[in-house]
Amino acid sequence: MAKTTLEDISLQTGLSKTTISRILSGKAKAFRINSNTIEKVIKAAQSLNYKPEIINRLLHKKNMMTIGLAVPDLANPFFASLASSITLEAKKHDLTVMLFDTQEDELMEKNALNKMKEHHADGIIIVPCHKSPKTLEKIAEHIPVVQVDRYYENSSLPYVSTNNSKGAYEMMNLLLYNGHRNIICIQGPAFSTTNKERIKGCRKALEEFHEKCTFNVMGNEFSIQNGYSETNFALSCAERPTAVFALSNTIMLGAMKAIKEHGLKIPDDISLVSFDDNQYLDYLCTAITRVAQPAKNMGITAVEMILKSIISGERLNSNLLLKPTIIQRDSVRNITLRPD
């Protein structure tokens, strides 16, 4: 009985011998050959009994896909929780994860993306920190890309995030209802979509409130130092704010340190609320009222999206915003003189 050749597989599949050779030699990823073509070749080779040991090896490798994951700061509890959720969900689907901490640095993000390409990642999940989507859009022409948490507004790249505007809107209404009319908001990077949406939500609540309020937006990064320095400055002003809205839990920690150093108590002297949830916030000397993002669901959804894109070989056009939740604890004082 004559041995099966590449020519036989070519006749059965209608594909070139070059393409078939690349697939059977394990180089499909390097040449960006889509999953449907790979499947077609493997099935034809199996039916023709072409070198069973090679086919078995390919079938094993086929189930060992790799995704690249890039987050801006693993020291930030929110991003650590998000990365953990993505990694655990990827494991359920037998996906290997290459994890990169870009440290909110555009060059480090570029290097991480290059490493992912060098190692032939099957897909990329990223919390972008670059101001422009151009690099990611170019990569997405060859490798599936899903943005998580942060995303680019004027880009076709798919994403899953929190409805940040809604979360900030609800928290600002909570502060206004409790009588606060002098509020500072300490933000992260102003260009970040998540940051812009949170500010937008705050301003919407103020516009609808129809009462005179002082609202100052301060800061420029999601860091403890930013929260500390901006709160220090605000507390040194002649008219001290009655409430601080920190747009991340790292900012909140810095704000709390500054408040303590000024000899003030939360919430007796000043109220403090935060974006992001973490169990440790209930164990601080004053449990913090916050906007909880569904980090676990975001991670699960991001993995489902990237897996769907990898398997189908098609680019997704999915933009999902998940619902946030207000968790009320002990850090907001009602300073309104309202009749019961």
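Residues numbered from 1 in each chain as written. Predicted model: local features only at pLDDT ≥ 70, side-chain atom pairs only at ≥ 80, totals over all residues. Heavy atoms only, no water.

Student: Would you explain the overall build of the chain in this entry?
Tutor: From N to C terminus, the chain includes 12 helices and 12 strands. Over its C-alpha trace the chain gives a radius of gyration of 25 Å, far above what one expects of a compact globule, namely 20 Å for 340 residues. With respect to the principal axes defined by its C-alpha atoms, the chain has extents near 95 × 35 × 35 Å. In the chain, which comprises 340 residues, the proportion classed as buried is 51%. Partitioning the intrachain contacts of the chain with sequence separation of at least 6 by distance along the chain shows that 71% fall at a separation of at least 24. With an accessible surface of roughly 16,800 Å², the chain has 50% of that area assigned to carbon and sulfur atoms. One way to put it: in the chain the 41 positive side-chain charges average out to a point 6 Å from where the 36 negative ones average out. (Helix = DSSP H or I, 4+ residues; strand = E, 2+ residues; numbered from the N terminus. Rg over C-alpha atoms; globule rule 2.2 N^0.38 Å. Buried < 20%, exposed > 50% of the residue type's maximum accessible area, 1.4 Å probe, protein only. Contact = heavy atoms within 4.5 Å. Areas by Shrake-Rupley, 256 points an atom, 1.4 Å probe, with all protein chains shown as cover. Lys, Arg positive; Asp, Glu negative; His and termini not counted. Charge placed at Lys NZ, Arg CZ, Asp CG, Glu CD.)

Student: In this structure, what is going on with the environment of P267? I would like to understand it.
Tutor: Assignment of secondary structure puts P267 in the loop between α11 (249–261) and β9 (271–275). For the pair P267 and S35, spaced 232 residues apart in the sequence, the C-alpha separation amounts to 57 Å. Excluding anything up to four places from it in sequence, P267 contacts T286, D330, S331, V332 and R333.

Student: What am I meant to see in the pairing of strand β2 (residues 96–101) here?
Tutor: On any regular strand, side chains alternate: one points to one face of the sheet, the next to the other face. The sheet contact formed by strand β1 (residues 66–71) and β2 spans 6 bridges and is parallel. If you follow V71 over to β2, its bridge partner there is D101. Once the chain exits β1 it traverses helix α5 (residues 77–92) before rejoining the sheet at β2, and the crossover so formed is right-handed. (Pairing = 2+ DSSP bridges. Right-handed = clockwise from strand over helix to strand, strands pointing away.)

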